[in-house]
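The primary structure of each chain is shown beneath.
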Amino acid sequence: MALEKIVLFGGSGYVGSAFQRYFLRRGIPYVAPSHREVNLLEPASVARFLDEVKPKFLINAAGYTGRPNVDACEDHKSECLLGNAVLPGILARLCSDRGLPWGHVSSGCLYTGDRGIGSKGERLGFREEDPPNFCFRTNNGSFYSGTKALGEEILSDAASCYLWRLRIPFNEVDSSKNYLSKLLRYERLLDARNSLSQLDDFVRAAVECWERRAPFGIYNVVNPGSVTTRQVIDLLGRSPFGRRLIEKGKRFTFFAGEEEFRKVARAPRSNCVLDSSKLQSVGIHLEEVHDAVERAWNNWREATVESIGELRKP
Ligand SMILES: NC(=O)c1ccc[n+]([C@@H]2O[C@H](COP(=O)([O-])OP(=O)(O)OC[C@H]3O[C@@H](n4cnc5c(N)ncnc54)[C@H](OP(=O)(O)O)[C@@H]3O)[C@@H](O)[C@H]2O)c1
Ligand SMILES: Cc1cn([C@H]2C[C@H](O)[C@@H](COP(=O)(O)OP(=O)(O)O[C@H]3O[C@@H](C)[C@H](O)[C@@H](O)[C@H]3O)O2)c(=O)[nH]c1=O
């Protein structure tokens, strides 16, 4: 189905840039105003912009994540709450008033753990209807996760809205927000099992929800399966880039466990498995997670072996 004009908010961010690359590659018409042009926390300015542009679909990739990671949200609580809970609420009202369908980039970090072991020994993931267990209500999460869960709660009755849950994005391009880049540079690694989202697959799947007119609601947009940190590092070791890195002397050190990790990390982390079968049921498919990670390492770009030597602390 041909796509008519889309408005993209947060287009300069890590996730928003991936949407822009996808639109440009496919020749999809879109408008992506900067934060300076449209402040999403100022409803009147957003309303003026929407009434002028008259988009057919809106994507919200704006939010607050903290840099270099979610630990920073513990020190910027009001920005985090405004960006992740208030901002989507403002958009929900404006979209509803205009009958404008839209999609919001949510996160899988509302959960911790998994739903047990399946008949083939696989870890079962949380489904869209499972209540968050890593949020303010359960009082065990990070401030960031709490605000993302509140954002979902605020959108729970939003009309014509997709909530796309992204989970630890990665691809083959070295970047401070790419999970694989982070693993290359963190001094010590936490061995945890997670679902992951290949960033470009995530964007394609999100847009496909709208193209296929999939029912509105929450979707776990993750690569099927789950993977441990050690498995991701093993896959690196089998890639040409990883072999060169190891030849040059790079070694990976792991925390003894979660307790040791928590001594250096300010906020607890969500490590969790998500079930992606709802997305598959609407005909949208992502690559199995180990295959996707292997492909990213095999096509790894820009990071030179030397640059990994200059390890940056988180
Ligand atoms: N990155 C991840 O690992 C990850 C994983 C799961 C979910 N998510 C979610 O994905 C969304 C985007 O994350 P990201 O990593 O792309 O973040 P990012 O790189 O920090 O980008 C955030 C974007 O939002 C814009 N923005 C923030 N407040 C705004 C406001 N009041 N008005 C207009 N624009 C505003 C920023 O513009 P300026 O830079 O100009 O302020 C920027 O373009 C967030 O909701 C995040 O929770 C991210
Ligand atoms: C800080 C740190 C983290 N880790 C691990 C813990 C996690 O399993 C994994 C990711 O942790 P961090 O890099 O701290 O990322 P984070 O917790 O900030 O990551 C998140 O960013 C949010 C914006 C997203 O919503 C999340 O989906 C995720 O991508 O790395 C280490 O192994 N060593 C470290 O020193």
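In this convention, every chain numbers its residues from 1, walking through the sequence in written order. Chains and ligands are labelled sequentially in the order written, the chains with letters from A and the ligands with numbers from 1. Only residues with pLDDT of 70 or above have their local features reported here, since the model is predicted, and side-chain atom pairs are shown and tallied only from 80 upward, although totals for entire chains, interfaces and linings are computed over all residues. By convention in this description, side-chain values take in all heavy atoms of the structure and omit both hydrogens and water.

**Observations regarding the site of ligand 1**
Phase 1: A cutoff of 4 Å decides nearness: a residue is near a molecule or strand if any of its heavy atoms lies inside that distance of it. The environment of ligand 1 is made up of 24 residues, and the closest members are S12, H35, Y144, K148 and K177.
Phase 2: Between S12 and ligand 1, the recorded distance is 2.7 Å, taken from a side-chain N or O atom to an oxygen atom.
Phase 3: Two N or O atoms count as a polar contact when they lie within 3.5 Å, although within protein this holds only if one can serve as hydrogen donor and the other as acceptor, and sequence-adjacent residues are included solely when both atoms are side-chain atoms. Y144 has a polar side-chain atom sitting 2.6 Å from an oxygen atom of ligand 1.
Phase 4: Using a 1.4 Å probe, the Shrake-Rupley method yields the accessible areas, and only the shown protein chains count as cover for residues. Taken by itself ligand 1 offers 900 Å² of open surface, and the protein chains cover 82% of this.
Phase 5: The element best represented in the shell around ligand 1 is strand β4 (residues 102-107), accounting for 3 residues.
Phase 6: Ten residue types, Ala, Val, Leu, Ile, Met, Phe, Trp, Tyr, Cys and Pro, are classed as nonpolar, four, Asp, Glu, Lys and Arg, as charged, and the remainder, Gly among them, as polar. Its residues placed into classes, the shell around ligand 1 shows 12 nonpolar, 9 polar and 3 charged. Every helix listed is a DSSP run of H or I at least four residues long, and every strand listed is a run of E at least two residues long, numbered separately from the N terminus.

**Things to note about helix α1 (residues 14-26)**
What sets the pattern is the α-helix's 3.6 residues per turn: residues three or four places apart point alike.
Phase 1: To estimate how far a helix should extend, the number of its residues minus one is multiplied by 1.5 Å. Between its first and last C-alpha atoms α1 spans 19 Å; for 13 residues at 1.5 Å apiece the expected length is 18 Å, and the two agree.
Phase 2: The buried label applies to any residue whose accessible area, calculated with a 1.4 Å probe on protein chains only, is under 20% of its type's maximum; exposed applies above 50%, and partly exposed to all values in between. Within the span of α1, buried status applies to Y14, V15, G16, A18, F19, Y22 and F23.
Phase 3: Following α1 by one or two positions, G27 adopts a phi angle in the positive range, close to 65°.

**Quick notes on the packing of α1 against helix α6 (residues 199-211)**
Phase 1: The geometry of α1 relative to α6 is characterised by a closest axis approach of 9 Å and an angle of 65° between their N-to-C directions. In terms of their interaxial angle, α1 and α6 are classed as roughly perpendicular. Of the two possible hands of crossing, α1 and α6 adopt the one that is right-handed. Along the contact surface, α1 presents Y14, V15, A18, F19, R21, Y22, F23 and R26, while α6 presents L199, D200, F202, V203, R204, A206, V207 and E211.
Phase 2: Of the residues in the contact of α1 with α6, the class split is 11 nonpolar, no polar and 5 charged. Here an angle of 0 to 180 degrees is reported between the N-to-C directions of two axes, which are lines fitted to C-alpha atoms, with helices fitted over the stretch in contact. Each angle gets one of four labels, with under 35 degrees taken as roughly parallel, over 145 as roughly antiparallel, 65 to 115 as roughly perpendicular, and the rest as oblique. If you view the pair so one helix is near and one far, a crossing is left-handed when the near helix is turned anticlockwise from the far one by less than a right angle, and right-handed when it is turned clockwise. Whether two residues are in contact is decided by their heavy atoms: any pair within 4.5 Å suffices.

**What to know about the UniProt feature "domain: RmlD-like substrate binding" (unreviewed entry) in the protein chain**
Phase 1: UniProt positions are given in the numbering used here, feature names are shortened, and annotations may be inferred rather than shown by experiment. According to UniProt, the "domain: RmlD-like substrate binding" (unreviewed entry) feature falls on residues 5-200.
Phase 2: Helix makes up 34% of residues 5-200 and strand 15%, with an end-to-end C-alpha separation of 20 Å.

**Remarks on the confidence of the model for the protein chain**
Phase 1: Per-residue confidence from the prediction method is given by pLDDT, with values spanning 0 to 100. When pLDDT is averaged along the protein chain, the result is 94; 95% of the residues meet or exceed 70.
Phase 2: Below a pLDDT of 50 lies the segment residues 308-314, which in the model reaches 15 contacts outside its immediate sequence neighbourhood of four places, other chains included.
Phase 3: With pTM at 0.96, the complex prediction returns an ipTM value of 0.98.

**Examining the sheet that holds strand β1 (residues 6-9)**
Phase 1: Strand pairing follows a simple DSSP-based rule, namely that at least 2 bridges must link the two strands. The parallel open sheet is built from 6 strands, whose spatial order is β2-β1-β3-β4-β5-β10. Edge positions in the open sheet fall to β2 (30-31) and β10 (217-220), since each of these has one partner strand only.
Phase 2: Sitting on the sheet, helix α3 (residues 77-98) touches β1, β3 (57-60) and β4, and the angle it makes with β4 is about 165°.
Phase 3: Taken strand by strand, helix α4 (residues 143-154) contacts β4, β5 (161-166) and β10, and its axis lies near 150° from that of β4.

**A few points about the pairing of β5**
Phase 1: Counted residue by residue, β5 has 6 buried out of 6 residues, so it is predominantly covered.
Phase 2: Alternating residues of β5 divide into C161, L163 and R165 and Y162, W164 and L166, and every residue in both groups is buried.
Phase 3: With 6 bridges joining them, β4 and β5 adopt parallel strand pairing. When the sheet's bridge partners are listed, G103 is paired in β5 with Y162.
Phase 4: Convention used here: a crossover is right-handed provided that the path from the first strand, over the helix, to the second strand proceeds clockwise when the strands point away from the viewer. Chirality of the crossover, the property in question, places the unit of β4, α4 and β5 among those that are right-handed.
Phase 5: Note: β5 against β10, 4 bridges, orientation parallel. Each bridged residue has a counterpart across the sheet, and for L163 the counterpart in β10 is I218.

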